[in-house]
Amino acid sequence: MRLIVALPNDSAPKFQEYARPEVLVTTEWLAEHLEDPGLVVAESDEDVLLYETGHIPGAVKLDWHTELNDPLTRDYLDGDRFSELMSDKGISRDATLVLYGDRNNWWAAYALWVCTLFGHPDLRLLDGGRTKWIAEGRPLTTEEPQRPRTNYPVVDRDDTRFRVFRQQVMTHLGKLVDVRSPGEYTGELLHMPEYPQEGALRGGHIPSARNVPWARAAADDATFRTRKELETIYQDETGLQADDDVVVYCRIGERSSHTWFVLHHLLGYPQVRNYDGSWTEWGNSVRTPIRKGEAP
Amino acid sequence: MTAGTGTLNPRLREIAEDFAAVPGKERLQLLLEFAQELPQLPARYADRHDLLEPVPECQSPLFLGVEVDDDGTVHLFFDAPREAPTTRGFAGILHAGLDGLSAEEILQTPSEFSGRLGLDDLVSPLRLRGMAAMMARIKRQVRRQRG
């Protein structure tokens, strides 16, 4: 991926340890560059109303569920509609797009991953997301920005590099990371009597997958853990090797986008793919093997 | 709008009509108003989540309290964090539409009521599921407490 960096990188020392320091910005950096013409900030939250309660001045809203998915097919937008969405939001192809959101940037990482499928050149996450911005007492506004419409080109979505499908996962058993909670991994969480199910018929995990809940990559202040801490989690404890071909998954591919970001951008694994069909597909499909319990 | 079979009580019907009367984006603002109008927990429940029922189907933690008076009047209490305005908004709608009604009126409320607010495309069915779950739990508690 060629990076056309419109704005300077954030030179924060913590970021320099990561494989790709340019994919993160600090709250300080963002506050300083908020008025820069080449910058667009987008908020992507789990809660669809959170943006309306107050957002970073100038930030547009990008809703993971209602805007990035195809309304009929279980898939993401195609190139035409992505171009329409970005143009409508006033985001140009050469803009530095900084994403942030609630819950340790969970949904912001998802939006970033979807934008990556369309190869948007300069994508960054705000380290610490919405939580840190607010904790530091930085300004919020309820005023919606009026960005002039852009002419975002129609770019085909590339599903080969960072996305993977069920049939491919079937032949890929071995280097899988299940980033759901331990209860979902072992299969216990589907057995709550009377309660609506999580959308899968069976509980458990894909054989050979190791369980590393996604939020372990975040520190208490919602920022990413340091490279050393991340290496301890994913390499020392989980046994992944830097040149492994890794597949990550969760329930619908959102939490695993966060881990995808960590493994690919922060730890520099060259081949990391997100299986967005995830457990809601795997756990329901005919003739797919599953495992229950704590063992991979 | 999703057609439902059961009838809504006048208060819920009015809420559904209010949502239907405004265009898409303003429906989110209306939902936000319900979030802002959700009453605080009374003192006896404040910091006493152990006395309330958790609703894990909501994307953000929500706690529900249901009290049924001897005459069958139902009182509803909700607690959800400020950072979860959608969940608070759902709770606010149910509070505005159901609090103070009789047990019978609550049990007659169609379970798919949340589908009648025209929010499917704006909020997504996945998120609306939390509201249906609140409704189901309210009914279950009313049934249980009424004996």
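Our structure is the block above this text.
Since the structure is predicted, the reported quantities are computational estimates derived from the model, not experimental observations. (Residues numbered from 1 in each chain as written. Chains lettered and ligands numbered in written order. Predicted model: local features only at pLDDT ≥ 70, side-chain atom pairs only at ≥ 80, totals over all residues. Heavy atoms only, no water.)

Describe in detail the sheet that holds strand β7 (residues 210-211) of chain A, supporting the description with residues and values.
Residues and elements named next belong to chain A. Spatially, β7-β6-β8-β9 is the arrangement adopted by the four strands of the open sheet, whose pairing is parallel. In this open sheet, the two edge strands, each paired with only one partner strand, are β7 and β9 (271-274). Alignment of strand β6 (residues 176-178) against β7, held across two bridges, turns out to be parallel. Note that in β7 the partner of Asp 178 across the bridge is Asn 211. (Pairing = 2+ DSSP bridges. Helix = DSSP H or I, 4+ residues; strand = E, 2+ residues; numbered from the N terminus.)

Outline helix α3 (residues 85-98) of chain B, listing residues and values.
Residues and elements named next belong to chain B. In this model, α3 (14 residues) spans 19 Å end to end at C-alpha, consistent with the 20 Å of a helix rising 1.5 Å per residue. With 13 of 14 residues buried, α3 is to be regarded as a mostly interior element. A positive backbone phi angle near 90 degrees is found at Gly 100, which sits one or two residues after α3. (Expected span 1.5 Å × (residues − 1). Buried < 20%, exposed > 50% of the residue type's maximum accessible area, 1.4 Å probe, protein only.)

An account of the sheet that holds strand β3 (residues 74-79) of chain B is requested, with residue identities and associated values reported.
All names here are of chain B. Overall, antiparallel pairing links the three strands, which are arranged β1-β2-β3 in an open sheet. Only two strands of the sheet have a single partner each, and these edge strands are β1 (53-54) and β3. Direction of pairing for strand β2 (residues 63-68) relative to β3: antiparallel, over a ladder of six bridges. Pairing of Gly 65 across the sheet is with Phe 77, part of β3. The strands touched by helix α6 (residues 125-146) are β1, β2 and β3; relative to β2, the strand with the most contacts, the crossing angle is about 35 degrees. (Contact = heavy atoms within 4.5 Å. Axes fitted to C-alpha atoms, helices over the stretch in contact; angles between N-to-C directions.)

Tell me about the interface of chain A and chain B, and name the residues and values.
Taken together, the 21 residues of chain A in the interface contact 23 residues of chain B. Both faces considered, chain A and chain B share a buried interface measuring about 1,800 Å² in area, 54% of it formed by carbon and sulfur atoms. Put simply, chain A and chain B have one salt bridge between them. Lys25(B) serves as the salt-bridge partner of Glu144(A), at 3.0 Å between the closest nitrogen and oxygen. For the pair chain A and chain B, the interface holds three residue pairs in polar contact (both at pLDDT 80 or more). Per-element tally for the side of chain A that touches chain B: the top contributor is helix α3 (residues 50-53) of chain A, with three residues. (Buried area = accessible area lost by both parts, 1.4 Å probe. Salt bridge = Lys/Arg side-chain N within 4 Å of Asp/Glu carboxyl O. Polar contact = N/O pair within 3.5 Å; in protein donor to acceptor, adjacent residues only side chain to side chain.)

I'd like a rundown of the packing of aromatic side chains, residues and numbers included.
Residues and elements named next belong to chain A. Under the criterion given, the structure shown has 15 aromatic pairs over all chains. With a centroid separation of 5.4 Å and 75 degrees between ring planes, the pair formed by Phe 162 and Trp 260 is classed as edge-to-face. One end of the pair, Phe 162, is in the loop between α6 (129-135) and α7 (166-170); the other, Trp 260, is in helix α10 (residues 255-266), with 98 residues separating them in the sequence. For the residue pair Phe 162 and Trp 260, the accessibility class agrees, reading buried in each case. Ring plane angle 20 degrees and centroid distance 5.4 Å describe the contact between Phe 224 and Phe 261, whose orientation is recorded as stacked. Of this pair, Phe 224 sits in the loop between β7 and α9 (227-237) while Phe 261 sits in helix α10, and the two are 37 residues apart along the sequence. On the basis of relative accessibility, which here comes to 3%, the residue Phe 224 falls in the buried class. Judged by relative accessible area, which is 0%, Phe 261 ranks as buried. A connected cluster of aromatic rings, assembled from ring pairs, spans Trp 64, Tyr 76, Trp 106, Trp 107, Tyr 110, Trp 113 and Trp 214. We note Arg 138 situated over the ring of Trp 133; from NZ or CZ to the ring centre the distance is 5.6 Å. (Phe/Tyr/Trp six-rings, centres within 6.5 Å; stacked < 30°, edge-to-face > 60°. Lys NZ or Arg CZ within 6 Å of the ring centre and 35° of its normal.)

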